[in-house]
Amino acid sequence: MINRPSICRLKLVAVIVLTLLSAGRFVGTVAAADQRPNILFIIVDDQSPFDLKIYNPDSPLQTPNIDRLAAEGMVLDAAYQMGSFSGAVCTPSRHMVMCGRTLWHLPNAAGAVAAGLCPPQLEESTMAAVFNKAGYSTMRTCKKGNSYEGANKQFTVRHDATKRGGTDETGSVWHGERVLDYLIDRKAKQDSDPFLIYFGFSHPHDTRDGTPELLAKYGAVNHTNKNVLPLANSKQPALPINYLSAHPFHHGHPGLRDEVSVSGVWEKRDERTIRNELGREFACSENIDIQVGRVLRQLESMGELENTYIVYTADHGMAIGRHGLQGKQNLYQHTWRVPYIVRGPGIQAGSRAAGNVYLLDSLATICDLAGVKAPESSEGISFKPVLAGKQQTVRDTLYGAYCGGTKPGMRCVKQGDWKLIKYDVMDGQVRETQLFNLAENPHEFLKEHGRESAMETNLAADPTHAEKLAEMESLLLAEMRRLNDPYRLWNQPDDGVEPSKASSRPKTNRQKAR
């Protein structure tokens, strides 16, 4: 027989457990407060989602460890980076990852701080700073430069260096070793604090010097002679399905490094050059996958894998021959989209969702997964409900911008199956509009691709779709206004906006990046 004091004690225990559960101190179903989840955030440099089999089953790239993350977690089919006001697209992209703010509200966006569009001392509310305050151990390795230095300094352990060579010391192995060293040291010290590891790679960004073994596997060579073409090799990846030998009009950024100066490609867009460069890209990407596998096995051996949320993504996509382009300064799907996989407690294995997420949502999401309060400065939306299978998307409309060259530059907007891209570049000499139905034309074929289907082309000039075009034009303007885009395109009202006076624009309240 249970006496009254025992019953009281049982009731008290039940109340405590329920209180902890309601406060979010349990993650998944069994992890207690002292077993808060770890975070491993993997980010690579310059990788199109369509390089990976999980997004493009025809890709010859072999990534068994990334495939494992997808098979044991969730793949997001609509993850994007919002854009760039710089030719170094990675710089604003990595700022957005670190602070969760929208493009025109970043500390390095011209005039944003002075206009009240970005709070001062933002670095104190960035990824590592937030997790440090929550009692996490924080560590990072990544490339050096074209990033958010103020945020990077917040990591307790930091090993940054640009490693784009073809040896263990000069390539991706170096980044992998830094994470392995950290984990081995953690085990030796019996460190039980949860960790946040920012596991960045310098590849597959150029120069894409792969290891000899992996270059041979993909039939590629580290080509350095601009005066001759690389040798043809049947092992090289096939040309992308939307390959063109030239883009149909100027991309709007004269002298852009990625389009004219990348070693091994330069201005060339012929088949041999592009296939060789893709082989180099894939050699570097497979080497990244190998390092990911090494870290997964180490976590598994330490018994930490199942209590770790793992994110795999890239700072942006990449063209390499698609649409006749080479770099990342465009808004086609192969470059605007990013790969995004999440594995961890409570995420259904082998699941997929659209998501409609931006990279800038990452901070809010990992905070939500860890039970850590996201900073007030974050404008991102947690997509934890998507990862939990409760909803498919977190927003209906997606906006993109590139204006690192001539202004105003490129803008795009996507809603449902429809996508609009606008080009207002070269001082008004190039003004183009593209309208795509991505359900019918997922590769954004243009007339130059010569497809037979009437829907597999740019539909902007088709009177059948005039109403949809007008709707998307209005939607783009609404997004530009909402997100404080300091420019307007040739066929938009100027709203009194003068880019040179962007710093004098009125202060707006913080809003989520819906």
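All figures in this text were calculated on a predicted structure; none of them were measured in a lab. (Residues numbered from 1 in each chain as written. Predicted model: local features only at pLDDT ≥ 70, side-chain atom pairs only at ≥ 80, totals over all residues. Heavy atoms only, no water.)

Participant: Can you explain helix α2 (residues 64-72)? Please cite residues and give values.
Facilitator: Every buried residue of α2 is listed here: Asn65, Ile66, Leu69 and Ala70. For α2, the angular spread of buried residues about the axis comes to 150 degrees, placing them on one side. For α2, the secondary structure elements touched by its buried residues are β2 (74-76), α9 (271-301), β8 (308-314) and β9 (340-343). (Buried < 20%, exposed > 50% of the residue type's maximum accessible area, 1.4 Å probe, protein only. Helix = DSSP H or I, 4+ residues; strand = E, 2+ residues; numbered from the N terminus. Arc of directions from axis to C-beta. Contact = heavy atoms within 4.5 Å.)

Participant: Could you give me a rundown of the sheet that holds strand β14 (residues 418-425), with the residues and numbers involved?
Facilitator: With respect to topology, five strands assemble into an open sheet ordered β4-β12-β13-β14-β15, the strand pairing being mixed. Edge positions in the sheet fall to β4 (83-84) and β15 (430-437), since each of these pairs with one other strand and no more. In this structure, β4 lies alongside strand β12 (residues 397-402), joined through two bridges in parallel fashion. Across the sheet, the residue bridging to Gly83 is Ala401, located in β12. Sheet contacts for helix α13 (residues 466-482): β12, β13 (409-415), β14 and β15; angle to β13, the most-contacted strand, approximately 110 degrees. (Pairing = 2+ DSSP bridges. Axes fitted to C-alpha atoms, helices over the stretch in contact; angles between N-to-C directions.)

Participant: Lay out the side chain of Ser285 in plain terms, naming residues and giving numbers.
Facilitator: Tracing the chain through its elements places Ser285 in helix α9. Among the polar contacts made by the side chain of Ser285, one reaches the side chain of Gln47 at a distance of 3.3 Å. Among all residues touching Ser285, those that are not within four sequence positions of it are Gln47, Leu61 and Pro204. (Polar contact = N/O pair within 3.5 Å; in protein donor to acceptor, adjacent residues only side chain to side chain.)

Participant: Just give me the short version of the sheet that holds strand β6 (residues 157-160), but keep the residues and values in it.
Facilitator: Two strands in a sheet stick together by hydrogen bonds in their backbones, pointing the same way (parallel) or opposite ways (antiparallel). Reading across the sheet, the eight strands line up as β6-β5-β7-β1-β8-β9-β2-β10 and stay open at both edges, with mixed pairing between neighbours. For this open sheet the edge positions go to β6 and β10 (351-353), each flanked by a neighbour on one side alone. Strand-to-strand twist in this sheet, taken as the mean axis angle between neighbours without regard to direction, amounts to 10 degrees. Note: strand β1 (residues 38-45) against β8, seven bridges, orientation parallel. Considered in β8, the bridge of Asn38 is made with Thr308. The sheet contacts of α9 involve β1, β7 (195-204) and β8, and relative to β7 the element is tilted by about 160 degrees.

Participant: Residues and numbers for the packing of aromatic side chains, please.
Facilitator: This model, assessed by the stated rule, comprises ten aromatic pairs. Ring geometry for Phe41 versus Tyr198: centroids 5.7 Å apart, planes at 10 degrees, classification stacked. Of this pair, Phe41 sits in strand β1 while Tyr198 is found in strand β7, placing the two residues 157 residues apart along the sequence. A residue is classified by how much of its surface remains accessible, and Phe41, at 0% relative accessible area, is buried. (Phe/Tyr/Trp six-rings, centres within 6.5 Å; stacked < 30°, edge-to-face > 60°.)

Participant: Give me the lowdown on the environment of Gln62, citing residues and values where you can.
Facilitator: Position of Gln62 among the secondary structure elements: in the loop between β1 and α2. Looking at Gln62, the relative accessible area reads 40%, which means it is partly exposed. For the pair Gln62 and Ala283, spaced 221 residues apart in sequence, the C-alpha to C-alpha distance is 9.3 Å. With near-sequence residues (within four places) excluded, Gln62 lies in contact with Lys217, Tyr218 and Glu286.

Participant: So what about the pattern of salt bridges? Which residues, and what values?
Facilitator: Taken as a whole, this structure holds 43 salt bridges when the rule is applied. Between Arg94 and Asp45 there is a salt bridge, with the nearest N and O atoms lying 3.9 Å from each other. In this pair, Arg94 is assigned in helix α3 (residues 90-99) and Asp45 in strand β1, connecting sequence segments 49 residues apart. One salt bridge connects Glu300 with Arg68, and the closest N-O pair in it is separated by 3.3 Å. Taken together, the residues span a long stretch of sequence, with Glu300 in helix α9 and Arg68 in helix α2 at a distance of 232 residues. For Glu300, a relative accessible area of 43% translates into the label partly exposed. Residue Arg68 is classed as partly exposed on the basis of its relative accessible area, which comes to 22%. (Salt bridge = Lys/Arg side-chain N within 4 Å of Asp/Glu carboxyl O.)

Participant: Residue-level account of the side chain of Asn307, with values.
Facilitator: Locating Asn307 in the fold gives a position in the loop between α9 and β8. Side-chain polar atoms of Asn307 contact the backbone oxygen of Arg36, separated by 3.2 Å.

Participant: Lay out the nonpolar core with the relevant residues and their values.
Facilitator: Grouped together as the largest cluster of nonpolar side chains are 95 residues, with contacts concentrated most on Met127, Phe131, Tyr198, Tyr340, Phe383 and Tyr399. Setting aside anything within four residues of it in sequence, one finds Phe383 in contact with Leu76, Tyr340, Val342, Val357, Asp361, Thr365 and Val394. Grouped together as the second largest cluster of nonpolar side chains are 38 residues, Val75, Tyr182, Ile197 and Leu299 included. (Core = buried A, V, L, I, M, F, W, Y, C linked by side-chain atoms within 4.5 Å.)

Participant: Give a detailed account of unusual backbone geometry, specifying residues and quantitative values.
Facilitator: Residue Pro204 is bonded to the preceding His203 through a cis peptide linkage, with omega at 0 degrees. Mapped onto the fold, Pro204 is located in strand β7. Following Lys407, the chain continues to Pro408 via a peptide bond in cis, the omega torsion being 5 degrees. Summarising the element assignment, Pro408 is placed in the loop between β12 and β13. A positive phi angle, close to 55 degrees, is found at His323, a residue other than glycine. The topology assignment puts His323 in the loop between β8 and α10 (333-336). In the Ramachandran plot, Asn356 falls in the positive-phi region, its phi being about 50 degrees despite a non-glycine side chain. Its place among the elements puts Asn356 in the loop between β10 and β11 (357-358). Judged by relative accessible area, which is 9%, Asn356 ranks as buried.

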